[in-house]
Amino acid sequence: MLILAFESSCDETAAAVVSIDNGGRRILSNIVASQISVHALYGGVVPEIASRAHVEAISRITYEALDKAGVSLSDIELIGVTNTPGLIGALLVAVNFAKALAYANGIPLVAVNHIKGHVAANYFEYQELEPPFTALVASGGHTSIISVDSYTEYNTIGRTRDDAIGEAFDKVGRVMGLPYPGGKEMDRLASIGNPDYAKFPSGAIHDDTLDFSFSGLKTHIVNHLNTLTQKGGEIPKEDIAAAFTKTVCDSVITKLDAALKQTGHKKLVVAGGVSANSHLRAALQKYCKNHHIELFIPSLSLCGDNGAMIAAQAYYEFMEGKTDGTDLNAYATKRT
Ligand code: KG4
Ligand code: ZN
């Protein structure tokens, strides 16, 4: 089946064409128009600017995606689109575009949850991967541990109660004067810093839930940076990045260990922008090797927001009998 899918939940406008059937899952094109340079001027995503930039890009990247895949709209058998969660004005751009395209061309339409999409990115890299498994989704807006019971049944068993991991990376990066989004640069700095520079408060809540809290860690580091600045001393950016990253990795491993014991799964799937972090990838690889857990983690190009991941999830939703009509709406927070 040939699927065209769209993603516009935050600051990337994305369109992709994929082919999925019993013979395998293949990405034919995966076009991402990033708005990062626009939002970098403001140190974070400005929702109104994001919506406008999506409107400007979506038509162009759709034809780019079809061209690159070597197909035309009449070949497309299913259209997928992210409709939750995300910035409402941003989500509405792709939702309305997809609805119009589906209606005008008589193509079935399926709405996709962005978090499920992130997990589904792994189906392209690992043809043998199938549920059940435990998933960690860590991005700029979300941090969840999920028991994925089937391709469409997702049971969230742990979540952040405040900041997402990517948000914490970006905020610490901003206070250290790094360009937005700070996650990638924090990763680089952490590689040359001392992870034992200081002991920071864990993001793993000390209770029997699988929940995280990263705002305490973030505030602790911001206060630490302010104190250093007041004293007029040098800011050891590399060391702070390294110790912060170590704390984040340890927090994630603590809760994932508990989650895997709870679900009994021997497969761990990791997804979302933060799964690009080299230190987190190394920590997860080490943990999984020591605990005989099979680790599935996408290559860097599929960690961040993209259309192919939405197309994969759209396929499985459609196979379960789900379709949406012209009354499809977008929701800033997840409804189901
Ligand atoms: O999944 P994504 O593209 O968008 C959301 O759904 O939020 O994730 C973006 C987030 C940003 O916070 C960015 O700083 C973070 O992923 N990120 C990283 C790295 N690369 C991207 N965080 C830590 N280390 C990285 N290498
Ligand atoms: Zn995302």
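Structure first, text after, so check above.
Overview of the structure.

Reading the values: the criteria
Residues numbered from 1 in each chain as written. Chains lettered and ligands numbered in written order. Predicted model: local features only at pLDDT ≥ 70, side-chain atom pairs only at ≥ 80, totals over all residues. Heavy atoms only, no water. Donors = N, O, S within 2.8 Å, 3.2 Å for Na, K, Ca; no water. Tetrahedral: all angles 85-135°; square planar, octahedral: opposite > 155°, others 65-115°. Helix = DSSP H or I, 4+ residues; strand = E, 2+ residues; numbered from the N terminus. Buried < 20%, exposed > 50% of the residue type's maximum accessible area, 1.4 Å probe, protein only. Near = heavy atom within 4 Å. Polar contact = N/O pair within 3.5 Å; in protein donor to acceptor, adjacent residues only side chain to side chain. Areas by Shrake-Rupley, 256 points an atom, 1.4 Å probe, with all protein chains shown as cover. Nonpolar A, V, L, I, M, F, W, Y, C, P; charged D, E, K, R; others polar. Contact = heavy atoms within 4.5 Å. Expected span 1.5 Å × (residues − 1). Phe/Tyr/Trp six-rings, centres within 6.5 Å; stacked < 30°, edge-to-face > 60°. Pairing = 2+ DSSP bridges. Axes fitted to C-alpha atoms, helices over the stretch in contact; angles between N-to-C directions. Parallel < 35°, antiparallel > 145°, perpendicular 65-115°, else oblique.

1. Side note on the coordination of the zinc ion (ligand 2)
Inference 1: Surrounding the zinc ion (ligand 2) are the protein donor atoms H114 (NE2), H118 (NE2) and D305 (OD), at 2.0 to 2.1 Å.
Inference 2: Considering all four donor atoms around the zinc ion (ligand 2), angles at the metal cover 93 to 144° and the coordination shape is irregular.
Inference 3: Here the donor residues of the zinc ion (ligand 2) share one chain and are spaced in sequence as H-x3-H-x186-D. Of this pair, H114 and H118 both sit in helix α4 (residues 114–120), separated by four residues, roughly a single helical turn.
Inference 4: Exposure remark for H118: the relative accessible area of 1% places this residue in the buried category.

2. A word on the site of ligand 1
Inference 1: Inspection of the region around ligand 1 gives 19 residues, with G140, D170, D187, G273 and N277 positioned closest.
Inference 2: Here an oxygen atom of ligand 1 and a side-chain polar atom of H118 are 3.1 Å apart.
Inference 3: Coverage of ligand 1 by the protein amounts to 86% of the 550 Å² it exposes when considered alone.
Inference 4: When contributions to the shell around ligand 1 are tallied by element, the ones reaching two or more residues are α4, α6 (165–175) and α7 (183–191).
Inference 5: Among the residues making up the shell around ligand 1, the classes are represented as four nonpolar, eleven polar and four charged.

3. Notes on the environment of T326
Inference 1: For T326, the position within the fold is in the segment after α11 (307–319).
Inference 2: A relative accessible area of 54% places T326 in the exposed class.
Inference 3: When near neighbours in sequence (up to four residues on either side) are disregarded, T326 contacts K99 and Y103.

4. Regarding helix α9 (residues 237–263)
Inference 1: Taking 1.5 Å of rise per residue, 27 residues should cover 39 Å, and α9 covers 38 Å from first to last C-alpha, within 8% of that figure.
Inference 2: Backbone geometry just downstream of α9 places G264 in the positive-phi region, at approximately 75°.

5. Some details on unusual backbone geometry
Inference 1: Following T84, the chain continues to P85 via a peptide bond in cis, the omega torsion being -20°.
Inference 2: Cis geometry marks the peptide bond from Y180 to P181, where omega comes out at -10°.
Inference 3: Although it is not a glycine, H292 sits at a positive phi angle of roughly 55°.
Inference 4: Within the secondary structure layout, H292 lies in the loop between α10 (278–290) and β10 (294–296).
Inference 5: Looking at H292, the relative accessible area reads 66%, which means it is exposed.

6. Some details on the packing of aromatic side chains
Inference 1: Inspection of every chain in the model, using the stated rule, returns eight aromatic pairs.
Inference 2: Ring geometry for Y151 against Y316: centres 3.9 Å apart, planes inclined by 0°, an arrangement best described as stacked. Here the residue Y151 occupies a position in the loop between β7 (143–148) and β8 (154–159), and Y316 occupies one in helix α11, the gap between them amounting to 165 residues.
Inference 3: Taken together, a centroid distance of 5.0 Å and an interplanar angle of 90° make the contact between F169 and F244 edge-to-face. One end of the pair, F169, is in helix α6; the other, F244, is in helix α9, with 75 residues separating them in the sequence. Considered together, F169 and F244 belong to a single accessibility category, that of buried residues.
Inference 4: By way of ring pairs, the aromatic residues Y123, Y151, Y315 and Y316 are connected into one cluster.

7. A look at the sheet that holds strand β3 (residues 24–34)
Inference 1: Across the sheet, five strands lie side by side as β3-β2-β1-β4-β5; this open sheet has mixed pairing. Strands with a single pairing partner mark the edges of an open sheet, and in this sheet they are β3 and β5 (109–113). Mean inter-strand twist for the sheet, computed between neighbouring axes without regard to direction, equals 20°.
Inference 2: The pairing of strand β2 (residues 12–21) with β3 spans ten bridges and is antiparallel. What sits directly across from A16, in β3, is N30.
Inference 3: Contacts from helix α3 (residues 88–105) reach β1 (2–7), β4 (78–84) and β5, with the element oriented near 155° to β4.

8. As for the packing of α7 against α9
Inference 1: For the pair α7 and α9, interaxial distance at closest approach is 7 Å and the crossing angle is 100°. Of the possible angle classes, the one that applies to α7 and α9 is roughly perpendicular. In contact with M186, L189 and A190 of α7, α9 contributes K237, E238, A241, A242, F244 and T245.

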